[in-house]
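So you can see what is in the structure, the chains are spelled out below.
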Amino acid sequence: MSLPTLSAALGAIPAGLRDPLIDEFNQALDEYRAADWEKVGLKAGKFCEVAYCVCAGHATGSYQAAPSKPANFPKACQDLEPHNKTKGRSLCMQVPKVLAALYELRNNRAIGHVSSEISPNHMDAELYLRGMKWVMGEFVRNYSNLALADSYAVVEAVTARTFHMVWSSGDVRRVLEPAKSAGQKVLILLYAEGKPVTVATLQSWVEYKNGTDFKRKVLRDLHKKALVHFDESAATVQILPTGQALVEKSGLLITTG
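Residues numbered from 1 in each chain as written. Predicted model: local features only at pLDDT ≥ 70, side-chain atom pairs only at ≥ 80, totals over all residues. Heavy atoms only, no water.

Asker: Help me understand the sheet that holds strand β5 (residues 236-239) in this model?
Answerer: Sheet strands pair by backbone hydrogen bonding; their relative direction is either parallel or antiparallel. On the basis of which strands lie adjacent, the open sheet formed by 3 strands has the order β3-β5-β4 and antiparallel pairing. A single partner strand is all that each edge strand has here, and the edge strands are β3 (197-198) and β4 (228-231). (Pairing = 2+ DSSP bridges. Helix = DSSP H or I, 4+ residues; strand = E, 2+ residues; numbered from the N terminus.)

Following this line, the structure appears as structure tokens:
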């Protein structure tokens, strides 16, 4: 028996809000798997805006056709509280409070500390991800028209632990999915770095033994497909927008284990 989709579990939410909500959530998961902590925060902020619109629609009984950003996000969340007497505490008080906290951290966090052993971006990304998963679990709990067992399965799938695809320690990087091809690993690593990487460094990260074959069979092939820019004179490689789109849309960041 296949697991019901998140979209099916949230079928009672109008599509104009449901689809952007799921899209921002899935993109945040992708950025987390790629270890791009700052982008997780960016997606978390957009997720909070859409999630607020869902809560507001539940509280007032009138859903917007598309998401919009409240002028004062904390106050907008607080203004939903009086509706808890008729519409319940979950989506009128508890979820909005979590959204306000995530939004505050996303917009006003002093990040980017130089030479910090523990990246605040990473710590924040962990909180964003867990907060978004909890919110999605609450939405499934409140909106799902599926059978109880199916709804429970969706909540379990949503809240399951997510592993980031790229492990890093100092100057070392590893793709935590050995089954990926060398080309796929190159794209994932370059996507996570977001800047040019030397050929020698990339070869060591991919653990490709033959340097000549690495350039000829892997890098030149990706360059020919316009997925990366392989500057042979400078001996650097950088992912192109087409390569970024492929990583995001093709499931390369999804683990198979």
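Structure shown, so let's carry the discussion forward.
Asker: Please explain the side chain of E126 as it appears in this structure.
Answerer: Relative to the helices and strands, E126 resides in helix α7 (residues 120-143). In this structure E126 comes out as buried when scored by relative accessible area, which is 19%. In terms of polar contacts, E126 uses its side chain to reach the side chain of H122, at 3.0 Å. (Buried < 20%, exposed > 50% of the residue type's maximum accessible area, 1.4 Å probe, protein only. Polar contact = N/O pair within 3.5 Å; in protein donor to acceptor, adjacent residues only side chain to side chain.)

Asker: What is the right way to look at the nonpolar core in this model?
Answerer: General note: in soluble globular proteins, nonpolar side chains tend to be found buried as a group. Membership of the largest hydrophobic core comes to 48 residues, with the highest contact counts inside it found for L6, L10, F47, Y52, L99, M136 and F139. Mapped onto this core, the elements with two or more residues apiece are α1 (6-9), α2 (15-33), α3 (37-60), α4 (73-78), α6 (89-108), α7 and α8 (148-159). Counting residues per element, this core draws most heavily on α3, which supplies 13 residues. Contacts of F139, omitting those with residues within four sequence positions, involve L10, L21, A51, V54, C55, L91 and S144. In terms of nonpolar packing, the next biggest core, distinct from the first, is built from 27 residues, V197, L202, W205 and L222 among them. (Core = buried A, V, L, I, M, F, W, Y, C linked by side-chain atoms within 4.5 Å. Contact = heavy atoms within 4.5 Å.)

Asker: Explain unusual backbone geometry here, please?
Answerer: Glycine aside, the phi torsion of most residues is negative, and most peptide linkages are trans. Non-glycine residue E207 carries a positive phi angle of around 65 degrees. Inspection of the secondary structure puts E207 in the loop between α10 (199-206) and α11 (211-224). One non-glycine residue, A226, adopts positive backbone phi at about 60 degrees. Its relative accessible area of 34% is what places A226 among the partly exposed residues.

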